[in-house]
There are 2 protein chains.
Amino acid sequence: MALRHALLAALLDRELSGYQLTKLFDLDVSSFWHAASQQLYVDLAKLEADGLLTGHEVVQQGRPNKRVFRLTHAGLDELTRFTLAPTKPTSIRDDLLVKAYAARAADPGKLAAQLEQRAEQSRTKAQYLAEQLARLLEGRSEEEYLRTAENIGPYLAGTRGRMYEEEQAAWCSWAAAALRGR
Amino acid sequence: MALRHALLAALLDRELSGYQLTKLFDLDVSSFWHAASQQLYVDLAKLEADGLLTGHEVVQQGRPNKRVFRLTHAGLDELTRFTLAPTKPTSIRDDLLVKAYAARAADPGKLAAQLEQRAEQSRTKAQYLAEQLARLLEGRSEEEYLRTAENIGPYLAGTRGRMYEEEQAAWCSWAAAALRGR
DNA sequence: AGCCACATGTAAAGAGTTACATGATTCC
DNA sequence: GGAATCATGTAACTCTTTACATGTGGCT
């Protein structure tokens, strides 16, 4: 049920359309919460029906019109309530790790190749996220940013995403090497 | 659809009952694929109906009888097929990160407290996983183990789980400190 | 008798994925 | 005209979660 809250959080200090959220979820948010664009539209509609968001048509020139969404007071309350509610620890759920777990049933070379490919993807994503984080700092030191910025949420969550991708890349390379050495 | 394959992989070189799998998934496997015990029984029944597993009643003394499951040839084939199939990158999906993302809507102290609590849980879990990994080595060096052991899958996947929990703990502590310093 | 570990499920509701669908506008 | 980007959805299916359900046997 956190997709709803991820959407609310993404709209905390700005108005965005479904399409803009799609791109945001593809790149930045996906590092800690993945969702397909279709699902975003479904949940945006529900959130609006529940009065947590309001949508406004924006007429554009040179491209199709869009509907941007804004948090309502009820939406902000709901988000605050969510941050206070207890959460159970969740963990990784990754096909690739299940494949590694099943290593004995796999062709070592082919599994290693998949791991190396994923390592590369994760490295790319980690780099992108690092750039985004650097952009948020706007020249300030991290320490200063965390003390003074208005909304440090995206920086905190984005940092976890960057760490995750870096670790994933490192583990994939290590596991691939282990398989290659057999 | 990887729960099926995680079950098959867990049965790669041993017979286990639903209850034993429950405990395995609670502790070891949960670090890379979480599943509730009810779901295990449902999927075990399906896997048996699909001919990928066979179940055998085991009469026990001093405790209720159990049914242990064993991979069939078809089950092993299916697992091998799975390891060859392409996989899309998946990522974290964690309520706690969404909460961090929504930091601006949260009470900093209360969110920090939740992060610190999670840091503690992750540290405990990382420690448990480290012990399990050390047990697998049976005194050998990691390098030797990876070269010579029969089935290195659990060690590879378990290592990722341990890394994840360690990183999670480190990030949680860092993020909590950032929130406390405001 | 009461509690705990062992042992195995069913049913309903909720969330997410996959496939399908449509249309506007710009640029080449 | 065709491709790419912008823009928004629906429907069917699969998977997961939550709540409910039941029973054995040892220990105190």
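Residues numbered from 1 in each chain as written. Chains lettered and ligands numbered in written order. Predicted model: local features only at pLDDT ≥ 70, side-chain atom pairs only at ≥ 80, totals over all residues. Heavy atoms only, no water.

- Looking up chain A in an unreviewed UniProt entry gives the name DNA-binding PadR family transcriptional regulator, with the organism given as Actinocrispum wychmicini.

### Here's the deal with the overall build of chain A
- From N to C terminus, chain A includes eight helices and three strands.
- Its helices and strands in sequence order give chain A the pattern α-β-α-α-β-β-α-α-α-α-α, from N to C terminus.
- Dimensions along the principal axes, computed over C-alpha positions, put chain A at roughly 60 × 45 × 40 Å.
- For chain A, the accessible surface area stands at approximately 8700 Å², while carbon and sulfur atoms represent 52% of it. (Helix = DSSP H or I, 4+ residues; strand = E, 2+ residues; numbered from the N terminus. Areas by Shrake-Rupley, 256 points an atom, 1.4 Å probe, with all protein chains shown as cover.)

### Examining the side chain of B:R118
- Relative to the helices and strands, B:R118 resides in helix 6 (residues 108-137).
- With sequence-adjacent residues up to four places away left out, B:R118 is seen in contact with A:T87, A:K88, A:P89, A:T90, B:D94, B:L96, B:Q168 and B:C172. (Contact = heavy atoms within 4.5 Å.)

### A short note on the sheet that holds strand 3 (residues 66-71) of chain A
Residues and elements named next belong to chain A.
- Ordered in space as 1-3-2, the three strands form an open sheet in which the pairing is antiparallel. Edge positions in the sheet fall to strand 1 (16-17) and strand 2 (53-58), since each has one partner strand and no second.
- Pairing analysis gives six bridges linking strand 2 to strand 3, with the strands arranged antiparallel. Opposite V58, over in strand 3, you have K66 as the bridge partner. (Pairing = 2+ DSSP bridges.)

### Examining the environment of B:L40
Residue and element names in this part refer to chain B.
- Looking at the secondary structure, you find L40 in helix 3 (residues 37-49).
- Taking the C-alpha atoms as reference points, L40 and T72, separated by 32 residues in sequence, lie 18 Å from one another.
- Not counting residues within four places of it along the chain, the set of residues in contact with L40 comprises L3, L7, G18, L21, T22, F25 and A35.

### Remarks on the protein's contact with DNA strand D
- What surrounds DNA strand D is a group of 22 residues, the closest being A:Y19, A:Q60, A:R67, B:M1 and B:Q39.
- A distance of 2.7 Å separates a phosphate oxygen of DNA strand D from a polar atom in the side chain of A:Y19.
- B:Q38 places a side-chain nitrogen or oxygen 2.9 Å from a base nitrogen of DNA strand D.
- With three residues, helix 3 (residues 37-49) of chain A is the largest single contributor of residues to the surface near DNA strand D.
- Here the residues of the surface near DNA strand D sort into seven nonpolar, nine polar and six charged. (Near = heavy atom within 4 Å. Polar contact = N/O pair within 3.5 Å; in protein donor to acceptor, adjacent residues only side chain to side chain. Nonpolar A, V, L, I, M, F, W, Y, C, P; charged D, E, K, R; others polar.)

### Quick word on the protein's contact with DNA strand C
- Around DNA strand C sit 23 residues in total, of which A:M1, A:Q39, A:G62, B:Y19 and B:Q60 are the nearest.
- Here a phosphate oxygen of DNA strand C sits 2.8 Å away from a polar atom, N or O, in the side chain of B:Y19.
- Listing elements by their share of the surface near DNA strand C, those giving two or more residues are helix 3 of chain A together with helix 2 (18-27), helix 3 and strand 3 (66-71) of chain B.
- It is helix 3 of chain B that provides the largest number of residues to the surface near DNA strand C, a total of three residues.

### Examining the UniProt feature "domain: Transcription regulator PadR C-terminal" (unreviewed entry) in chain A
- In this structure's numbering, the residues bearing the UniProt feature "domain: Transcription regulator PadR C-terminal" (unreviewed entry) are residues 92-180 of chain A.
- Between the C-alpha atoms that bound residues 92-180 of chain A there is a distance of 25 Å. The span itself is 81% helix and 0% strand. (UniProt positions renumbered as here; feature names shortened; annotations may be inferred.)

### Things to note about the pairing of strand 3 of chain A
- For strand 1 of chain A and strand 3 of chain A, the ladder comprises two bridges, and the chain directions are antiparallel. Bridge pairing in strand 3 of chain A links A:L16 to A:F69.

### Observations concerning the packing of helix 8 (residues 153-180) of chain A against helix 8 (residues 153-180) of chain B
- Their axes nearest at 10 Å, the elements helix 8 of chain A and helix 8 of chain B cross at an angle of 160 degrees. Here helix 8 of chain B runs roughly antiparallel to helix 8 of chain A, going by the angle between their axes. Between helix 8 of chain A and helix 8 of chain B the crossing geometry is right-handed. (Axes fitted to C-alpha atoms, helices over the stretch in contact; angles between N-to-C directions. Parallel < 35°, antiparallel > 145°, perpendicular 65-115°, else oblique. Left-handed = near helix turned anticlockwise from the far one by under 90°.)

### Thoughts on the pattern of salt bridges
- According to the stated counting rule, one finds 24 salt bridges over all chains in the structure shown.
- For the salt bridge of B:E48 with B:R67, the shortest nitrogen-to-oxygen distance reads 2.6 Å. With B:E48 in helix 3 and B:R67 in strand 3, this pair connects stretches of sequence that are 19 residues apart.
- Connected through shared salt-bridge partners, A:D13, A:E150 and B:R104 make up one network. (Salt bridge = Lys/Arg side-chain N within 4 Å of Asp/Glu carboxyl O.)

### Some points on helix 6 (residues 108-137) of chain A
- If you check helix 6 of chain A, its first and last C-alpha atoms are 43 Å apart, about what 30 residues at 1.5 Å a residue would give, namely 44 Å.
- Where helix 6 of chain A is concerned, the buried positions are A:L111, A:A112, A:Q114, A:L115, A:R118, A:A119, A:S122, A:A126, A:L129, A:Q132, A:L133 and A:L137.
- Structurally, helix 6 of chain A contributes buried residues whose contacts are with helix 2 (18-27), helix 5 (95-101), helix 7 (142-148) and helix 8 of chain A together with helix 4 (73-84) of chain B.
- For helix 6 of chain A, the N-terminal capping position is held by A:D107, with its side-chain oxygen 2.9 Å away from the main-chain nitrogen of A:G109.
- Phi turns positive, to about 50 degrees, at A:E138, one or two residues after helix 6 of chain A. (Expected span 1.5 Å × (residues − 1). Buried < 20%, exposed > 50% of the residue type's maximum accessible area, 1.4 Å probe, protein only.)

### Description of the interface of chain B and chain A
- If you look at the interface, chain B gives 76 residues, while chain A gives 76 residues.
- Summed over both partners, the interface of chain B with chain A buries about 6800 Å², with 61% contributed by carbon and sulfur atoms.
- Three residues stand out in chain B for area buried against chain A, namely B:Y101, B:R104 and B:R160, and they jointly supply 13% of the buried area on that side.
- On inspection of chain B and its partner chain A, the count reaches four salt bridges.
- With its nearest N and O atoms 2.5 Å apart, the salt bridge here joins A:R104 to B:E150.
- Between the two partners, chain B and chain A, sit 29 residue pairs in polar contact (both at pLDDT 80 or more).
- Of all elements in the fold, only helix 1 (2-10), helix 4, helix 5 (95-101), helix 6, helix 7 (142-148) and helix 8 of chain B reach the threshold of two or more residues within the side of chain B that touches chain A.
- Ranked by the residues each element gives to the side of chain B that touches chain A, the list is headed by helix 8 of chain B, at 17 residues.
- Residues belonging to the side of chain B that touches chain A are distributed by class as follows: 42 nonpolar, 17 polar and 17 charged. (Buried area = accessible area lost by both parts, 1.4 Å probe.)

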